[in-house]
Amino acid sequence: VCSSDLMEPYNIYEKKGTRSIEYDPKEFSLSFTTTGNIKPTTVIKNMCDVLTNKLNAAKSKLTEYIKHVSEHPKIYYFAENIEVSVRDDMTIYKFIGEYITFAYMVAQRCFVLDPNIKFCTPAIERYDNEIAIIKLKHPDSNGLLLKAIDECINDVDRLYMELTSKKK
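First things first, this report covers the structure right here in the doc. Every value quoted in this text rests on a predicted model; they were computed, and no experiment measured them. (Residues numbered from 1 in each chain as written. Predicted model: local features only at pLDDT ≥ 70, side-chain atom pairs only at ≥ 80, totals over all residues. Heavy atoms only, no water.)

**Some words on the overall build of the protein chain**
Right, on to step 1. Secondary structure assignment for the protein chain yields 4 helices and 5 strands.
Right, on to step 2. In sequence order, the secondary structure elements of the protein chain are arranged as α-α-β-β-β-α-β-β-α.
Right, on to step 3. In summary, the protein chain has a C-alpha radius of gyration of 20 Å against a globular reference of 15 Å for 168 residues, an excess of more than 25%.
Right, on to step 4. In terms of principal-axis extent, the alpha carbons of the protein chain reach across some 60 × 40 × 30 Å.
Right, on to step 5. Within the span of the protein chain, comprising 168 residues, buried residues form 29% of the whole. (Helix = DSSP H or I, 4+ residues; strand = E, 2+ residues; numbered from the N terminus. Rg over C-alpha atoms; globule rule 2.2 N^0.38 Å. Buried < 20%, exposed > 50% of the residue type's maximum accessible area, 1.4 Å probe, protein only.)

**Details of the environment of Met161**
Right, on to step 1. In this structure, Met161 sits in helix H4 (residues 141-165).
Right, on to step 2. With relative accessibility at 53%, the residue Met161 sits in the exposed group.

**Considering the pattern of salt bridges**
Right, on to step 1. The final tally for this structure, using the stated rule, is 8 salt bridges.
Right, on to step 2. The shortest N-O distance in the salt bridge between Lys54 and Glu98 comes to 3.6 Å. With Lys54 in helix H2 (residues 40-71) and Glu98 in the loop between strand E3 (90-96) and helix H3 (100-113), this residue pair connects regions lying 44 residues apart in the sequence.
Right, on to step 3. Residue Lys54 is classed as partly exposed on the basis of its relative accessible area of 32%.
Right, on to step 4. Overall, the relative accessible area of 7% leaves Glu98 in the buried class.
Right, on to step 5. Here Lys59 and Asp150 are joined by a salt bridge, their closest N and O atoms 2.7 Å apart. Taken together, the positions of Lys59 in helix H2 and Asp150 in helix H4 put the pair 91 residues apart, joining distant regions of the chain. (Salt bridge = Lys/Arg side-chain N within 4 Å of Asp/Glu carboxyl O.)

Written as structure tokens, this is what we have:
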């Protein structure tokens, strides 16, 4: 289904259509064009594999940080592809090699897991590099972030199963 079949985008010059802020879509679609050299299920599998690998790598880095900080409490930690600092009860996680999708996906899951969270924001350091940032103010920031990553991995697994189980 093409999004243009569902709504007419707003045209500022003709004053016709629906503004994106006024439209509340309930269905989404994903499309792509190939030259017949790859199956859609292969593309989806590859996408899910990449997301899962990125989430598992971040989980591994975060687990190492949690282990290290429990043995050597510090306000700053740096290891390969992860940097963690603590300022005024706020923990700032920087995942080097990740971009905005990772930060938003995990931060959104933090909000879902604990709606009473004091502060959580995703960001990137700059638009021209790959450093995803998640800032958390929570009594158990490490535990919440770890659980959020696990839930994101589960989401990707469910997405893959749902998309590939349908016969089209």
